[in-house]
Amino acid sequence: MISEAIMAVEEAGLSSTFYDIFFALGFVSVLCGLVWFGKKLDFPMKNVAILVCIVYPLVVLWMFIMFWMESGFKVWGGNNIVRIFVYVPLIALPVAKFLKIEGDRALSLLSFAPLLVHGVSHFGCIFAGCCCGYQWTYGIYNPSFRDYRFPIQPIEAIGAVAIVVYLFYRAKKRNYVPDGFEYPVMLVLYGSSRFIFEFFREDHKLFWGISNLAIHALFMFIVGVIWIAIRKKKSKEEVKIF
């Protein structure tokens, strides 16, 4: 059924349109999701909207710049949010300070944002044919290669959503009181899972079957582990991390 839908969209000449729609829905999901979660954290809706509307464009811009640099300043673009997960706090904290929002609360809120974007917008890659898996007889139709591929795009998207659900569950158990571990926990969970998922994607491998994005995912995981270790050492209370 999925393959038939992809073919129908391709025949209608709407593959790029569907990709763009899901990219836009990624932003909508972040705005709606964080407004809802912001209420749980006692964030004024106005502050959440301002935080998202400032941080999101800056993060996307940094994503494009990073891809541009990695391409040797030859190609502009590269819609792969994995590159910037670890840099979001560097962009968000100054904005939060300007809005007079405590840093831990801001990062607790934003820990869901990259995954919400990825979990929604990545479904658009199915229609565009990008970010695909290896050729597989039992896979889904790919409009770029005109064959069937391992469905790694929806698997990655569902995996991101699953982590969002876990983070919501973790926050609820703490009665929505931030503990400063939300963002590094997200980095550890997504970084480790994405590193594994990269082995199922047919993209350029640097060495030992490891791709450029796998390196970014591994870096994300390492930063998350170090962040948790430092934070736990400084914490005055016993915190259950996972």
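Rules used in this analysis
Residues numbered from 1 in each chain as written. Predicted model: local features only at pLDDT ≥ 70, side-chain atom pairs only at ≥ 80, totals over all residues. Heavy atoms only, no water. 1 Å grid on protein atoms, 1.4 Å probe; cavity = no way out; pocket = protein on both sides within 12 Å on 5 of 7 lines; lining within 4 Å. Points joined across faces, edges and corners; volume = space filled by probe spheres on them. Helix = DSSP H or I, 4+ residues; strand = E, 2+ residues; numbered from the N terminus.

### Some remarks on empty space enclosed by the protein
Under the counting rule described, the total for this entry stands at three cavities of 30 Å³ or more. The space that makes up the largest cavity amounts to roughly 340 Å³. For the largest cavity, the lining is made up of 26 residues, of which Y56, I81, P114, V117 and H118 are closest to its centre. Listed by contribution, the elements that provide at least two residues to the lining of the largest cavity are α2 (15–40), α3 (45–70) and α6 (113–121). Considering every element that reaches the lining of the largest cavity, the biggest residue donor is α3, with seven residues. If you add up the space inside the second largest cavity, you get close to 50 Å³. Per-element tally for the lining of the second largest cavity: the top contributor is helix α8 (residues 152–173), with three residues.

### Considerations on unusual backbone geometry
For residues other than glycine, phi is negative in most cases, and the peptide bonds are mostly trans. Phi at R146 is positive, roughly 55°, even though this residue is not glycine. With respect to the helices and strands, R146 occurs in the loop between β1 (135–142) and β2 (147–149). You will see that W208, though not glycine, has its phi angle at about 50°, which is positive. Summarising the element assignment, W208 is placed in the loop between β3 (205–207) and β4 (210–211).

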